[in-house]
Amino acid sequence: MVTASASIPSVVETGDDAQPAGHRILQLFSLFVGGGYLFYLVLVVGNIGQSLDVMATWWTVTALVLIFGTGLAMGAFALRSSSASLRRTAAITAIGYVIALALWPLAWDGGLIASERGMWFSQFSGLPAIVAAAAWRPRWAFVYLAAVTVVVQLINHEVRAPEFNGPVLPEIAWSFAFCMIPFAASVMGIRTAGILDATRESAYAAAAQAAATQARALERTRFDALTHDGVMSTLLGASRQGASERLAQQAERTMADMDNYDGQSSGEDVASANATVAQLRGAVVDADPTVTLDVTRSDDAQSYPVEVVLTIAAAASEAVRNSVHHAGANASRVVRAVLDADSLRVEVLDDGVGFEPRSVAPQRLGIAVSIRGRLAVLDGGSATVDSRPGRGTRIGLSWTRPR
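Residues numbered from 1 in each chain as written. Predicted model: local features only at pLDDT ≥ 70, side-chain atom pairs only at ≥ 80, totals over all residues. Heavy atoms only, no water.

**Student:** When you look at the overall build of the protein chain in this model, what are you seeing that I'm missing?
**Tutor:** From N to C terminus, the protein chain includes 11 helices and seven strands. For the protein chain, buried positions account for 43% of its 403 residues. Sequence separation of at least 24 residues holds for 76% of the intrachain contacts in the protein chain that already meet a minimum separation of 6. Surface exposure of the protein chain reaches about 20500 Å², of which carbon and sulfur atoms provide 60%. (Helix = DSSP H or I, 4+ residues; strand = E, 2+ residues; numbered from the N terminus. Buried < 20%, exposed > 50% of the residue type's maximum accessible area, 1.4 Å probe, protein only. Contact = heavy atoms within 4.5 Å. Areas by Shrake-Rupley, 256 points an atom, 1.4 Å probe, with all protein chains shown as cover.)

**Student:** Honestly, the pairing of strand β5 (residues 343–350) in this entry has me stumped. Any pointers?
**Tutor:** Strand residues, when the strand is regular, have side chains that alternate between the two faces of the sheet. In terms of burial, β5 is a largely internal element, six of the eight residues being buried. Pairing between strand β4 (residues 333–339) and β5: seven bridges, direction antiparallel. Paired with Arg-333 across the bridge in β5 is Asp-350. Taking the residues between adjacent antiparallel strands as the criterion, β4 and β5 are bridged by three residues. In this structure, β5 lies alongside strand β7 (residues 393–400), joined through eight bridges in antiparallel fashion. Each residue of the ladder has a partner; that of Leu-349, found in β7, is Arg-394. (Pairing = 2+ DSSP bridges.)

**Student:** Before we go on, may I ask you to explain the packing of helix α9 (residues 273–287) against helix α10 (residues 306–326) in this structure?
**Tutor:** Running from N to C, α9 and α10 point in directions that differ by 25 degrees, and their axes come no closer than 8 Å. If you check the angle between α9 and α10, you find them roughly parallel. For α9 against α10, the interelement crossing comes out right-handed. Contact residues: Thr-276, Gln-279, Leu-280, Ala-283, Val-284 and Ala-287 in α9; Val-309, Leu-310, Ile-312, Ala-313, Ala-316, Ser-317, Val-320, Arg-321 and Val-324 in α10. (Axes fitted to C-alpha atoms, helices over the stretch in contact; angles between N-to-C directions. Parallel < 35°, antiparallel > 145°, perpendicular 65-115°, else oblique. Left-handed = near helix turned anticlockwise from the far one by under 90°.)

**Student:** Hey, could you run me through the environment of Asn-165 in this one?
**Tutor:** Position of Asn-165 among the secondary structure elements: in the loop between α6 (138–159) and α7 (168–241). When the C-alpha positions of Asn-165 and Glu-116 are compared, they lie 7.3 Å apart, and in sequence the two are 49 residues distant. Among all residues touching Asn-165, those that are not within four sequence positions of it are Asn-156, His-157, Arg-160 and Glu-171. Here the side chain of Asn-165 touches His-157 through a polar contact of 2.8 Å, landing on its backbone oxygen. (Polar contact = N/O pair within 3.5 Å; in protein donor to acceptor, adjacent residues only side chain to side chain.)

**Student:** Which parts of the structure should I look at to understand the pattern of salt bridges?
**Tutor:** A side chain of one charge can pair with a side chain of the opposite charge if their charged atoms are brought near each other. For the structure on display, the rule yields seven salt bridges. The residue Arg-394 makes a salt bridge to Glu-347 at a minimum N-O spacing of 3.2 Å. Of this pair, Arg-394 sits in strand β7 while Glu-347 sits in strand β5, placing them 47 residues apart in sequence. Sharing partners across several salt bridges, the network here consists of Glu-347, Asp-386 and Arg-394. (Salt bridge = Lys/Arg side-chain N within 4 Å of Asp/Glu carboxyl O.)

**Student:** What is the right way to read the packing of helix α5 (residues 126–135) against α6 from this model?
**Tutor:** Relative placement of two packed helices is described by the angle separating their axes and the distance separating the axes. At a minimum axis distance of 8 Å, the contact between α5 and α6 shows a crossing angle of 165 degrees. Overall, the two elements α5 and α6 adopt an arrangement that is roughly antiparallel. Between α5 and α6 the crossing geometry is right-handed. On α6, the residues that touch Pro-128, Ala-129, Ala-132 and Ala-133 of α5 are Ala-141, Tyr-144 and Leu-145. Here the contact of α5 with α6 is built from residues that sort into seven nonpolar, no polar and no charged. (Nonpolar A, V, L, I, M, F, W, Y, C, P; charged D, E, K, R; others polar.)

Structure representation (structure tokens):
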């Protein structure tokens, strides 16, 4: 049997569970975009030098910053930014390309480029449109693609020497069709990722609510059983048999059991500190009979909302059960509870094999729903999962009374 003085190795906090699919896809998308801008920068270096003959230097420098600077930033920030930040960077990148196009007429000296390629920014007009798909709704990204395609081809038609020009409308149509394929793929990928994330969050919320409801229903069943087996049995025995030593002992046990459910009257369902300890102890022992609960209780710890007690007890039970199943046959466990006037905290620690929280598959709902999800539905509740392979695991459950 493990006691509170058992030696538990220190554990290292490694962060939250695996990121949602949408965020991971947006990160990969940003890396792809950054790589694309780097590739095209190398590809069009010669065209940039050629365009200096007909364009003002200030525009070339400004356009390089607005187009390639922002595009490369997407790749640089991909792994260190939130989804919102990546979308803002994508919007800035898409807008930067448009600003460069808008400034073009102010910097052109009227000279012509003797090349079929024309202006260097025309070589990758589909790339900023793909970026726009990550920043805005598909309909606006599509409008962006159409507008950019038309403007770029009109500029090319204007700046190229006549012998390198063909009919402008077919060129616009061909360029639009060429860009449409990767654009559509990007829109579908990003939209699908968003749907997956929304579905995942909805499933977590529903599962967490169901878990909380199940816990309350289970406790209600236990209370009903206590009422039937204790109170009703004692009253029926008294009416049929009269007073006896055995009946007095039964009544005493029933009253003691009922005290575990007796809260301080405050207009809401509350559990006394004694009832809270009993509920927590029962939950962890149900999950692993060899585990004891080490309790630290302040003098001013009085009562807690029943929902809080049941939720933390259920989450602690799940944490112990996970440890039994996954920590290894030789692992030892410690469960500690701290009861203060305005907070309730429980820690489940083991010295088992540990794991990498970020490697937990998104579809694995044990930690996400049965532990994190349960605490997330509480006002003032939170849960932490700290672990590292070979260094054990610590599950922290806490609730702070809202003020």
